[in-house]
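One letter stands for each residue in the lines below.
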Amino acid sequence: MRLVLVGPPGAGKGTQAQYIASNLSIPKISTGDIFRANVSGGTELGKLAKSYMDRGDLVPDEVTVAMVRDRLSEEDAQDGFLLDGFPRNVPQAEVLRDMLKEWGQTLDIVLNLVVDDDEVVRRLAGRRTCSQCGRIWHVEFDDKKDDRCDACGGQLFQRDDDKEETVRHRLEVYQQQTAPLIEFYADEGILVGVDATGPVEEVTRRAMEALRPFAG
Ligand code: ADP
Ligand code: ADP
């Protein structure tokens with residue numbers, strides 16, 4: 001299955017991507033994670049991406065698209081993948097469509113995670129990420145009393161771009177550049193909305209239910 005997760009920052013894309021990809025045995029490809037790994041690794045790509053990420057702006061399409069093309073060309077992505085955080089605007093969606101077409105592939109489904117603005121702000125304000133295994137936690141909803149990862153014991157950190165001012169800008173970028181994807185994929189007839197409120201497991205269950213007609 002080839003699928004894309006869309007939704008505003010903080011909707012729960014990364015959280016759901018972990019479970020959905022593992023349920024379907026397909027690789028989870030998160031462009032934000034790949035960029036962050038490059039930033040901490042000090043690569044050329046990381047140096048270029050960092051200033052955009054710190055401001056909460058999108059990294060230029062040229063760079064992002066080249067990175068995704070490389071990743072989708074890898075062996076493990078040939079029979080399916082889950083994209084989280086890409087595409088992020090209509091031009092990226094058009095390039096993805098053309099790229100897949102070139103390879104004789106198409107997207108099966110785009111899941112749109114739907115939550116309101118207040119919940120998005122609450123989720124982003126409490127987000128913590130494990131520096132060791134990358135797992136995503138929430139200080140309040142996961143009742144985190146310490147800053148250690150329950151899964152691997154690694155140190156948790158708050159992303160620089162989750163500070164209040166940057167969050168506000170990222171939400172504007174979402175409205176202006178990313179939200180138009182919803183109509184783009186609705187026109188293609190592959191968009192399915194998923195209510196992303198309530199417990200994580202409940203959202204995963206709704207997402208898997210939406211995917212059922214496409215699985216296996
Ligand atoms: P979130 O989980 O809050 O939606 P991500 O981890 O997906 O955020 O992305 C973090 C940052 O990485 C973005 O603000 C942007 O700077 C950059 N980024 C991630 N994916 C893309 C993309 N498809 N195009 C351009 N920039 C991207
Ligand atoms: P995105 O990738 O869309 O930016 P994340 O998956 O990183 O979103 O989730 C943002 C924050 O919200 C994280 O702290 C995560 O633990 C929390 N979160 C995700 N899903 C839920 C949920 N269903 N209920 C409560 N908190 C959630």
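Reference entry: report on the structure contained in this document.

Here we look at unusual backbone geometry
And step 1. Cis geometry marks the peptide bond from Phe86 to Pro87; its omega dihedral reads -5°.
And step 2. Locating Pro87 in the fold gives a position in the loop between β3 (81-84) and α5 (90-102).
And step 3. In the Ramachandran plot, Ser25 falls in the positive-phi region, its phi being about 55° despite a non-glycine side chain.
And step 4. If you trace the backbone, Ser25 turns up in the loop between α1 (13-24) and β2 (28-30).
And step 5. Backbone geometry at Asp143 places phi at a positive 50°, although glycine is not the residue there.
And step 6. Mapped onto the fold, Asp143 is located in the loop between β6 (136-138) and β7 (156-157).

A look at the pattern of salt bridges
And step 1. The tally for this structure, following the rule as stated, stands at 25 salt bridges.
And step 2. The salt bridge involving Arg205 is made with Glu202; its shortest N-O contact spans 3.0 Å. Placement of both Arg205 and Glu202 in helix α9 (residues 200-211) is noted, with a separation of 3 residues, approximately one turn of the helix.
And step 3. The shortest N-O distance in the salt bridge between Arg206 and Glu202 comes to 3.9 Å. Separated by 4 residues within a single helix, Arg206 and Glu202 lie in helix α9, roughly one turn from each other.

Things to note about the nonpolar core
And step 1. Leu3, Leu5, Ile20, Leu24, Leu82, Leu111 and Leu211 are the most contacted members of the largest nonpolar core, which has 23 residues in total.
And step 2. Elements represented by at least two residues in this core include exactly β1 (2-6), α1, β4 (109-114), α6 (117-125) and α9.
And step 3. Once residues within four sequence positions are removed from consideration, Ile20 is found in contact with Leu5, Leu82, Leu111, Ala207, Met208 and Leu211.
And step 4. Phe81, Leu181, Tyr185 and Ile190 belong to the second-largest nonpolar core, a separate cluster that totals 20 residues.

As for the packing of aromatic side chains
And step 1. All chains considered together, the criterion is met by 1 aromatic pair.
And step 2. A ring pair is formed by Phe184 and Tyr185, whose centres lie 5.0 Å apart and whose planes are at 85°; its orientation type is edge-to-face.
And step 3. Classification of Phe184 as buried rests on a relative accessible area of 13%.
And step 4. Owing to a relative accessible area of 1%, Tyr185 belongs among the buried residues under this scheme.
And step 5. Here Arg135 stacks its cationic end above the ring of Trp137, 4.7 Å away from the centre of that ring.

Comments concerning the site of ligand 2
And step 1. For ligand 2, the set of nearby residues contains 18 residues, the closest of which are Gly10, Thr15, Arg127, Trp137 and Gly198.
And step 2. One nitrogen or oxygen atom from the main chain of Lys13 is found 2.8 Å from an oxygen atom belonging to ligand 2.
And step 3. Trp137 has a polar backbone atom sitting 2.7 Å from an oxygen atom of ligand 2.
And step 4. Relative to its unbound accessible surface of 560 Å², ligand 2 loses 92% to contact with the protein.
And step 5. The set of elements that each furnish at least two residues to the shell around ligand 2 consists of α1, β6 and α9.
And step 6. For the shell around ligand 2, the per-class residue count stands at 9 nonpolar, 6 polar and 3 charged.

Overview of the packing of helix α2 (residues 31-41) against helix α4 (residues 61-72)
And step 1. Packing of α2 against α4 brings their axes to within 11 Å, and their N-to-C directions diverge by 100°. Judged on the interaxial angle alone, α4 and α2 are roughly perpendicular. Contacts from Thr31, Ile34 and Phe35 in α2 reach Thr64, Met67, Val68 and Arg71 in α4.
And step 2. Residues of the contact of α2 with α4, tallied by class, amount to 4 nonpolar, 2 polar and 1 charged.

What counts, and where the lines are drawn
Residues numbered from 1 in each chain as written. Chains lettered and ligands numbered in written order. Predicted model: local features only at pLDDT ≥ 70, side-chain atom pairs only at ≥ 80, totals over all residues. Heavy atoms only, no water. Helix = DSSP H or I, 4+ residues; strand = E, 2+ residues; numbered from the N terminus. Salt bridge = Lys/Arg side-chain N within 4 Å of Asp/Glu carboxyl O. Core = buried A, V, L, I, M, F, W, Y, C linked by side-chain atoms within 4.5 Å. Buried < 20%, exposed > 50% of the residue type's maximum accessible area, 1.4 Å probe, protein only. Contact = heavy atoms within 4.5 Å. Phe/Tyr/Trp six-rings, centres within 6.5 Å; stacked < 30°, edge-to-face > 60°. Lys NZ or Arg CZ within 6 Å of the ring centre and 35° of its normal. Near = heavy atom within 4 Å. Polar contact = N/O pair within 3.5 Å; in protein donor to acceptor, adjacent residues only side chain to side chain. Areas by Shrake-Rupley, 256 points an atom, 1.4 Å probe, with all protein chains shown as cover. Nonpolar A, V, L, I, M, F, W, Y, C, P; charged D, E, K, R; others polar. Axes fitted to C-alpha atoms, helices over the stretch in contact; angles between N-to-C directions. Parallel < 35°, antiparallel > 145°, perpendicular 65-115°, else oblique.

Treat this as a map of the structure, not an account of what it does.
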